[in-house]
Amino acid sequence: MDLPSLNEHDGHVKLSPLQGASDPGPSIANWLFRVSDGRQRSSLRVLDVGCGRGDTVAWLVEQGFDALGIDVRADYVANGRDYLGPDRLAVLEGEVYPFPDDHFDIVISDQVFEHVADLAQLAKEVARTTKPGGVGLHVFPAKWIWTEPHLRAPAVHWLPKGRLRRGAIKLALATGRTAPYFTEWTLAERTRIFSDYSEHETFYRRPAEIRRVLEAAGLSVNLRDASRQRVLFKLGYPGLPAPLIRLAAWMYRNTRVMYLTTSKASE
Ligand SMILES: C[S@@+](CC[C@H](N)C(=O)[O-])C[C@H]1O[C@@H](n2cnc3c(N)ncnc32)[C@H](O)[C@@H]1O
């Protein structure tokens, strides 16, 4: 029997037309304002990789940036085009982005790396289309986050793909410890819907592996600074001793969300 994808659950916003901009949260916004400080925003080309229907692209345009988005899902992109016009969002067909070399000042992605099977290809295209001296911010859930954020099931993504993970997902579903999607389906069917998504649409990696892949594409990588800023923002910039802040930032980026920044060397 054909089962739906987990993405098709009720209330999934990308399946409906974009109605307005959504800000990407204070940490991404603050980083963008910091790196663009003192520069004319309209002269800065920003690419949002994995833009979905373009909620963040719409916000970037509102903030004055020259923003574009790209996504593999044509249906999501179509849902943004009435609001944003035909030229702001591109569908990624094949492997190569439809943008020239050295085109973007800033490349961001939000909740995308964990969905990308071929991270080396993404890194190659991000590196190619970033201008020399350009920068990037990539935000994604940590491999060791306790609750897998799409299934909302505890720790199932820590297990190897295959029987063991499917068993853990089944147990989480049977005990009500998942997102409440597709509750009208049988346990076996829900197990398949959740497991297929986990297996084919999520790819959690260790920070060191992500760093290696991005560096191999020619980008410099910083795993620490933006996560530290995020933690300081969350804690309200307390006057804590530096080692405690370092520990909190390490825990945050390894067990919650990674804020990773990149830069491409100036020529
Ligand atoms: C969880 S959504 C995040 C969307 C958006 N960034 C946001 O924060 O709302 C992940 C997005 O990444 C897209 N995606 C997955 N693999 C991709 C790839 N290799 N290149 C570009 N987009 C990709 C998906 O289609 C999806 O729209």
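Residues numbered from 1 in each chain as written. Predicted model: local features only at pLDDT ≥ 70, side-chain atom pairs only at ≥ 80, totals over all residues. Heavy atoms only, no water.

(A) View of the packing of aromatic side chains. Evaluated as defined, the whole model comprises 7 aromatic pairs. Linked through ring pairs, Y97, F99 and F104 together constitute an aromatic cluster. The ring of Y76 carries the charged tip of K14 above its face, separated from the ring centre by 5.8 Å. The ring centre of W144 lies 5.3 Å from the NZ or CZ of K143, which sits over that ring. (Phe/Tyr/Trp six-rings, centres within 6.5 Å; stacked < 30°, edge-to-face > 60°. Lys NZ or Arg CZ within 6 Å of the ring centre and 35° of its normal.)

(B) A look at the site of the ligand. As a structural note, the neighbourhood of the ligand is formed by 13 residues, with G50, D71, R73, Y76 and D110 the closest of them. Here a nitrogen atom of the ligand and a backbone polar atom of G50 are 2.8 Å apart. Between a nitrogen atom of the ligand and a main-chain N or O atom of D110, the distance comes to 2.9 Å. For the ligand, the accessible surface in isolation is 600 Å², of which the surrounding protein chains cover 80%. Classifying every residue of the shell around the ligand by side-chain character gives 5 nonpolar, 4 polar and 4 charged. (Near = heavy atom within 4 Å. Polar contact = N/O pair within 3.5 Å; in protein donor to acceptor, adjacent residues only side chain to side chain. Areas by Shrake-Rupley, 256 points an atom, 1.4 Å probe, with all protein chains shown as cover. Nonpolar A, V, L, I, M, F, W, Y, C, P; charged D, E, K, R; others polar.)

(C) Broad picture of the pattern of salt bridges. Using the criterion set out here, one finds 10 salt bridges in the structure. A salt bridge links D102 to K264; the nearest nitrogen and oxygen atoms lie 2.9 Å apart. Taken as a pair, D102 in the loop between β3 (89-91) and β4 (104-110) and K264 in the segment after β9 (257-263) lie far apart in primary sequence, 162 residues in all. For K264, a relative accessible area of 16% corresponds to the buried category. Here the residues in one salt-bridge network are R39, D105 and K131, joined through shared partners. (Salt bridge = Lys/Arg side-chain N within 4 Å of Asp/Glu carboxyl O. Helix = DSSP H or I, 4+ residues; strand = E, 2+ residues; numbered from the N terminus. Buried < 20%, exposed > 50% of the residue type's maximum accessible area, 1.4 Å probe, protein only.)

(D) Spotlight on the domain arrangement of the protein. Assigned domains within the protein: domain 1 (12-140 + 205-224 + 259-263) and domain 2 (147-201). Computed from C-alpha atoms alone, the centre-to-centre distance between domain 1 and domain 2 is 29 Å. (Domains from an automatic or database assignment.)

(E) Region of interest: the pairing of strand β5 (residues 130-141). In this structure, β4 lies alongside β5, joined through 6 bridges in parallel fashion. The partner of V107 across the bridge, within β5, is G136. Handedness of the β4-helix α4 (residues 119-129)-β5 crossover: right-handed. In this structure, β5 lies alongside β9, joined through 7 bridges in antiparallel fashion. What sits directly across from V135, in β9, is S263. (Pairing = 2+ DSSP bridges. Right-handed = clockwise from strand over helix to strand, strands pointing away.)

(F) View of the sheet that holds β5. Reading across the sheet, the 7 strands line up as β3-β2-β1-β4-β5-β9-β8 and stay open at both edges, with mixed pairing between neighbours. Each edge of the sheet is formed by a strand with only one pairing partner; in this case those strands are β3 and β8 (220-222). Recorded for the sheet is a direction-independent mean angle of 20° between the axes of neighbouring strands. (Axes fitted to C-alpha atoms, helices over the stretch in contact; angles between N-to-C directions.)

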